[in-house]
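# Commentary on secondary and tertiary structure
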Amino acid sequence: RCAGRVEVMHGGEWGSVCVFDFDWEARWAIVVCRQLGCGRVAKASPYAPFGQGTGRIWLQLFFCRGTEDTLEKCLVSEWGEHFCGHDREVGVACTVLGLPPCVGASRAGLSRSRAPVADAAELRLAGGGTPCAGRGEVKLQGRWGSVGDDSWDMEDAEVVCQQLGCG
């Protein structure tokens, strides 16, 4: 719940949030992490870092001070009106307050293009001796499997750790 593509519910339907080129400071991410109760921003990106959505884009962000209580209190478009596409959907990874840092993250990767973590039914680290160490695995269609990615790096490991509540 503390990492993924940012989506909001409006009229009983979930939709994504996008941003156009002029958002340099990504203060919207501060608001998202605060609104979710997930601590501070670890990483934020306006380039669909958790994969592009396929449904409705509900909001386009224009400006956030970073002090707003909810994302909707930022300067945003009208519901459903936007100038940006799914390639500009925002994603954020927040830290989780009060939890120890994740240790021993493996070099196993999660393919963003085929099965993003945000869309996986379950995520775990296996074979590491503790719930916060080991090889990355996802459960899709009822089966656990390791996945790999040639461009896996520490930022990816941090997202997995945060999503699992490991820091």
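Rules of the game
- Residues numbered from 1 in each chain as written.
- Predicted model: local features only at pLDDT ≥ 70, side-chain atom pairs only at ≥ 80, totals over all residues.
- Heavy atoms only, no water.
- Disulfide = S-S within 2.5 Å.
- Helix = DSSP H or I, 4+ residues; strand = E, 2+ residues; numbered from the N terminus.
- Buried < 20%, exposed > 50% of the residue type's maximum accessible area, 1.4 Å probe, protein only.
- Pairing = 2+ DSSP bridges.
- Core = buried A, V, L, I, M, F, W, Y, C linked by side-chain atoms within 4.5 Å.
- Contact = heavy atoms within 4.5 Å.

### Examining the state of the cysteines
This structure, assessed with the given rule, holds 4 disulfides. Paired by a disulfide, Cys33 and Cys94 hold their sulfur atoms 1.9 Å apart. As the torsion about the S-S bond is roughly -85°, the Cys33-Cys94 disulfide counts as left-handed. With Cys33 in helix α1 (residues 28-36) and Cys94 in strand β7 (residues 91-94), this pair connects stretches of sequence that are 61 residues apart. For Cys94, a relative accessible area of 0% translates into the label buried.

### Topic: the sheet that holds strand β3 (residues 13-19)
Read across the sheet, 4 strands follow the order β2-β3-β5-β6 without closing on themselves; strand pairing throughout is mixed. Sheet topology places β2 (7-10) and β6 (75-76) at the edges, where each strand pairs with a single neighbour. Both β2 and β3 contribute to a ladder of 4 bridges, which runs antiparallel. Residue pairing in the sheet places His10 in a bridge with Glu13 of β3.

### Looking at the nonpolar core
If you look at the biggest cluster of nonpolar residues, it comprises 21 residues, and the most contacted ones within it are Val6, Val17, Trp28, Leu71 and Val92. Looking at this core, the elements with two or more residues in it are β3, α1, β5 (57-63) and β7. Among the elements that take part in this core, α1 stands out by supplying 5 residues, more than any other. Leave out the neighbours within four places in its chain, and Val6 touches Gly15, Ser16, Val17, Trp28, Val32, Leu71, Val90, Gly91 and Val92.

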